[in-house]
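Residues per chain, in single letters:
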Amino acid sequence: MELRVPTHEDAYAWHCLFADREVMEFHGGPAEFSVYEELTARQRRHAAERGFCLWTIVDEQGEVAGFTGAQPWPHQSFGPWGEIEIGWRLGRAYWGRGYATAAARTTLARLRAAGVERVVAMVDARNERSVAVTRRLGMNLAKSFAYRPRHAGGQELVGHQYELTL
């Protein structure tokens, strides 16, 4: 497994991997290609400016498996504004194979090297796979909160904020 700064071509790979409704269950459903064009471009900027980003995960065969990494929390209207959020998302074929945890551990090492002292992970409480990754990373549940994402049709959901001091 390799982690690399996302290329322009990775926007298409991410778009294809994340077109699966099950993969996107806790992320508002599949998104348009333009979302991934913007996201990969933003990650290239983060890598250049901060030394970290959401890196593309490449498997042993050279195929894009998803992403992991960290970025400043992107929402000013809610959540941990000013914090560095660690995150991961894998294509369905890569679930249950240890990729998310291994890639996130590499991310933590890279963040320490970049001088980041603390990270948060924002996880939908129903997302048991991501909750398990936070536990394997040694993250602590700091708070729970109710939120109403547009994709939930106004339904109130519960989110968790996990934290880890590096």
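From a predicted model like this one, the values you see are computed outputs, not experimental measurements. (Residues numbered from 1 in each chain as written. Predicted model: local features only at pLDDT ≥ 70, side-chain atom pairs only at ≥ 80, totals over all residues. Heavy atoms only, no water.)

A. Quick look at the packing of aromatic side chains. One pass over the structure, following the stated rule, counts 5 aromatic pairs. Their ring planes at 45 degrees and their centres at 4.8 Å tell us that Trp14 and Phe67 sit as a pair that is tilted. You can see Trp14 sitting in helix H1 (residues 10-17) and its partner Phe67 sitting in strand S3 (residues 64-72), a full 53 residues away along the chain. Judged by its relative accessible area of 0%, Trp14 falls in the buried class. For the pair Phe18 and Phe67, a centre-to-centre distance of 5.6 Å together with 85 degrees between the ring planes defines the contact as edge-to-face. A residue pair is termed long-range when its members are at least 10 positions apart, and Phe18 in the loop between H1 and helix H2 (33-50) and Phe67 in strand S3 qualify at 49 residues. Phe18 gets classed as buried once you look at its relative accessible area, which sits at 0%. Residue class for Phe67 comes out buried when judged on its relative accessible area of 4%. Through pairs of rings, three or more aromatic residues link up here, namely Trp14, Phe18, Tyr36 and Phe67. For the cation-ring pair, Arg89 lies above Phe18, with the distance from its terminal atom to the ring centre recorded as 5.1 Å. The ring centre of Trp55 lies 4.6 Å from the NZ or CZ of Arg110, which sits over that ring. (Phe/Tyr/Trp six-rings, centres within 6.5 Å; stacked < 30°, edge-to-face > 60°. Helix = DSSP H or I, 4+ residues; strand = E, 2+ residues; numbered from the N terminus. Buried < 20%, exposed > 50% of the residue type's maximum accessible area, 1.4 Å probe, protein only. Lys NZ or Arg CZ within 6 Å of the ring centre and 35° of its normal.)

B. Expanded view of the pattern of salt bridges. Enumeration according to the criterion identifies 6 salt bridges in this entry. Measuring nitrogen to oxygen at the nearest pair gives 3.5 Å for the salt bridge that ties Arg92 to Glu22. Residue Arg92 is located in the loop between strand S4 (84-90) and helix H3 (99-113), and its partner Glu22 is located in the loop between H1 and H2; the two are separated by 70 residues in the primary sequence. Classification of Arg92 as partly exposed rests on a relative accessible area of 38%. Taking the shortest distance from any N to any O, the salt bridge between Glu163 and Arg118 comes out at 2.8 Å. (Salt bridge = Lys/Arg side-chain N within 4 Å of Asp/Glu carboxyl O.)

C. Seen up close, the side chain of Thr56. Following the sequence through the fold, Thr56 ends up in strand S2 (residues 54-58). We classify Thr56 as buried; its relative accessible area is 0%. Polar side-chain contacts of Thr56 include one of 2.8 Å to the side chain of Asp10. Discounting chain neighbours no more than four positions away, the residues touching Thr56 are Glu2, Leu3, Arg4, Pro6, Asp10, Trp14, Val64, Gly66 and Phe67. (Polar contact = N/O pair within 3.5 Å; in protein donor to acceptor, adjacent residues only side chain to side chain. Contact = heavy atoms within 4.5 Å.)

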